[in-house]
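Coordinates in review
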Amino acid sequence: MTVKPYRSTDRGLPPIARSLPFALIRARENVMAPIRKMLAESDITEQQWRILRALSEHGPIEATRLAQLAALQLPSQTRILQSMERRSLISRVSSREDRRRQTVDITPAGEAVIDRHSAQAKALAYRFKDVLGARDFDRLLALLAKLDNV
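So, here is what we can say about the structure in this document.

What follows deals with the overall build of the protein. A count of helical and extended segments in the protein gives six helices and three strands. Counted from the first residue to the last, the protein has its helices and strands arranged as α-α-β-α-α-β-β-α-α. A compact globule built from 150 residues would reach a C-alpha radius of gyration of about 15 Å, whereas the protein, at 19 Å, exceeds it by more than 25%. Buried residues in the protein amount to 27% of all 150 residues. Sequence separation of 24 or more characterises 48% of the internal contacts of the protein that already satisfy a separation of 6 or more. The centroid of the 26 positive side-chain charges in the protein is displaced by 6 Å from the centroid of its 17 negative side-chain charges.

This is the structure in structure tokens:
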């Protein structure tokens, strides 16, 4: 089906269907929809899930590094961590040398959230891999990693 553009597309911009930012957003929404549904069962946001996953995988970590791993802006992460600490999902300890620096760790309650959803999260990951095929899945991750430092 050919869609006729409402306005002229002679500005040199790629059509939306071939635009990398649009394609990434569409893909993200398709990937995240079942994950959001899974997380709603525990009243956990996707940002909180990323933090818990990073802490579960890496152990206690400095807040700046955590923001990098969880793909969050530091000011946003600070607010999210406050909420997670109130819910006893994480703990924070300030550095003795520099009170502005904090180490963040996952608590047993946070680990329980990971444990509660690990089977479903694993099934979703395999579903995405099945849709793309193992080779294309690995290639997609490698290609996306190239955009990490653009």
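On the surface, a cluster of nonpolar side chains totalling about 820 Å² of accessible area is made up of Leu20, Leu24, Val131, Leu132, Leu140, Leu141, Leu144, Leu147 and Val150. Where the nonpolar patch is concerned, the elements lending two or more residues are helix H1 (20-40), helix H5 (108-132) and helix H6 (134-146). Locating Leu144 in the fold gives a position in helix H6.

The subject of this paragraph is the pattern of salt bridges. Counting across every chain of the model gives six salt bridges. Arg28 is paired through a salt bridge with Glu29; the nearest N and O atoms lie 3.6 Å apart. With relative accessibility at 36%, the residue Glu29 sits in the partly exposed group. Glu85 is paired through a salt bridge with Arg92; the nearest N and O atoms lie 2.9 Å apart. In this structure Glu85 comes out as partly exposed when scored by relative accessible area, which is 32%. Each of Arg28, Glu29, Arg36, Glu46 and Arg50 takes part in salt bridges that share partners, so that together they form one network.

The next point concerns the side chain of Arg92. The residue Arg92 is located in strand E2 (residues 90-94) in this model. Here Glu85 takes part through its side chain, which lies 2.9 Å from a polar atom of the side chain of Arg92.

The strand order E1-E3-E2 describes an open sheet built from three strands, whose pairing is antiparallel. Two strands in the sheet have a free side with no partner beyond their single neighbour: strand E1 (61-62) and E2. By the bridge criterion, five bridges tie E2 to strand E3 (residues 102-106) in an arrangement that is antiparallel. Following the sheet pairing, Val93 is matched in E3 by Thr103. Strands in contact with helix H4 (residues 74-86) are E2 and E3; relative to E2, the strand with the most contacts, it is inclined by about 115°.

With that settled, the discussion passes to the layout of surface pockets. Computed from the structure, the largest pocket encloses a volume of approximately 1,700 Å³. In this structure, the largest pocket is lined by 36 residues; those nearest its centre are Val31, Met32, Ile35, Leu141 and Leu144.

This part is about the packing of H5 against H6. Across the interface, H5 lies against H6 with an axial gap of 6 Å and an inter-helix angle of 105°. Accordingly, the angle class assigned to the pair H5 and H6 is roughly perpendicular. Listed contacts from H6 to Phe128, Lys129 and Leu132 of H5 are Ala134, Asp136, Phe137, Asp138 and Leu140.

About the criteria used
Residues numbered from 1 in each chain as written. Predicted model: local features only at pLDDT ≥ 70, side-chain atom pairs only at ≥ 80, totals over all residues. Heavy atoms only, no water. Helix = DSSP H or I, 4+ residues; strand = E, 2+ residues; numbered from the N terminus. Rg over C-alpha atoms; globule rule 2.2 N^0.38 Å. Buried < 20%, exposed > 50% of the residue type's maximum accessible area, 1.4 Å probe, protein only. Contact = heavy atoms within 4.5 Å. Lys, Arg positive; Asp, Glu negative; His and termini not counted. Charge placed at Lys NZ, Arg CZ, Asp CG, Glu CD. Patch = residues over 30% accessible without salt bridge, like charges linked within 9 Å, V, L, I, M, F, W, Y side chains within 5 Å. Areas by Shrake-Rupley, 256 points an atom, 1.4 Å probe, with all protein chains shown as cover. Salt bridge = Lys/Arg side-chain N within 4 Å of Asp/Glu carboxyl O. Polar contact = N/O pair within 3.5 Å; in protein donor to acceptor, adjacent residues only side chain to side chain. Pairing = 2+ DSSP bridges. Axes fitted to C-alpha atoms, helices over the stretch in contact; angles between N-to-C directions. 1 Å grid on protein atoms, 1.4 Å probe; cavity = no way out; pocket = protein on both sides within 12 Å on 5 of 7 lines; lining within 4 Å. Points joined across faces, edges and corners; volume = space filled by probe spheres on them. Parallel < 35°, antiparallel > 145°, perpendicular 65-115°, else oblique.

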